[in-house]
Amino acid sequence: NLDARRPRQLYEKQMVTQYALRLLTSEGWQEIVRVTDNYKRLRIHRFSPIACSALRLVVQQTGGDPCARVMEIRAYEE
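Since this is a predicted model, take the numbers as computed values, not measurements.

1. Some remarks on the packing of aromatic side chains
Under the criterion given, the structure shown has zero aromatic pairs. In this arrangement the basic side chain of Arg-56 is found over the ring face of Trp-29, its NZ or CZ atom lying 3.8 Å from the centre.

2. Considerations on a nonpolar patch on the surface
Side chains of Leu-55, Val-59, Val-70 and Ile-73 sit close together on the surface and give an oily, nonpolar patch of about 290 Å² of accessible area. Here Val-70 is to be found in the segment after strand 3 (54-62). Val-70 gets classed as partly exposed once you look at its relative accessible area, which sits at 40%.

3. Comments concerning the nonpolar core
One recurring pattern in soluble globular proteins: nonpolar side chains tend to sit buried together. The biggest cluster of nonpolar side chains holds five residues, and these are Val-16, Tyr-19, Leu-21, Val-33 and Val-35. Counting residues per element, the ones that place at least two in this core are strand 1 (16-25) and strand 2 (28-35). No other element matches strand 1, which puts three residues into this core. Ignoring sequence-local partners within four residues, the contact set of Tyr-19 consists of Val-33, Arg-34, Val-35, Asn-38, Arg-43, His-45, Leu-57, Val-58, Val-59 and Gln-60.

4. So, the sheet that holds strand 2
What the three strands build is an open sheet, ordered 2-1-3; its pairing is antiparallel. At either end of the open sheet lies a strand with only one pairing partner, and these are strand 2 and strand 3. For this sheet the average axis-to-axis angle between neighbouring strands, irrespective of direction, equals 25°. Sheet topology places strand 1 next to strand 2; seven bridges connect them, and they run antiparallel.

Cut-offs applied
Residues numbered from 1 in each chain as written. Predicted model: local features only at pLDDT ≥ 70, side-chain atom pairs only at ≥ 80, totals over all residues. Heavy atoms only, no water. Phe/Tyr/Trp six-rings, centres within 6.5 Å; stacked < 30°, edge-to-face > 60°. Lys NZ or Arg CZ within 6 Å of the ring centre and 35° of its normal. Patch = residues over 30% accessible without salt bridge, like charges linked within 9 Å, V, L, I, M, F, W, Y side chains within 5 Å. Areas by Shrake-Rupley, 256 points an atom, 1.4 Å probe, with all protein chains shown as cover. Salt bridge = Lys/Arg side-chain N within 4 Å of Asp/Glu carboxyl O. Helix = DSSP H or I, 4+ residues; strand = E, 2+ residues; numbered from the N terminus. Buried < 20%, exposed > 50% of the residue type's maximum accessible area, 1.4 Å probe, protein only. Core = buried A, V, L, I, M, F, W, Y, C linked by side-chain atoms within 4.5 Å. Contact = heavy atoms within 4.5 Å. Pairing = 2+ DSSP bridges. Axes fitted to C-alpha atoms, helices over the stretch in contact; angles between N-to-C directions.

This is how it looks when you write it as structure tokens:
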């Protein structure tokens, strides 16, 4: 929904408005980020390095659509 001809809404229906990022560490799943009231298309989260074997995005709410739309997740050490 990047069509500039129509008026923008604070929350697009397909946008993920609430989510959490979790890492699988040797101690189990750890939540490292929790976001509520998101209205941005691009989110960048920075945190100290953590040894893990998996990253999980948990979508908790969208702007109204029954399906979440996530186009890309990047995770790397700077």
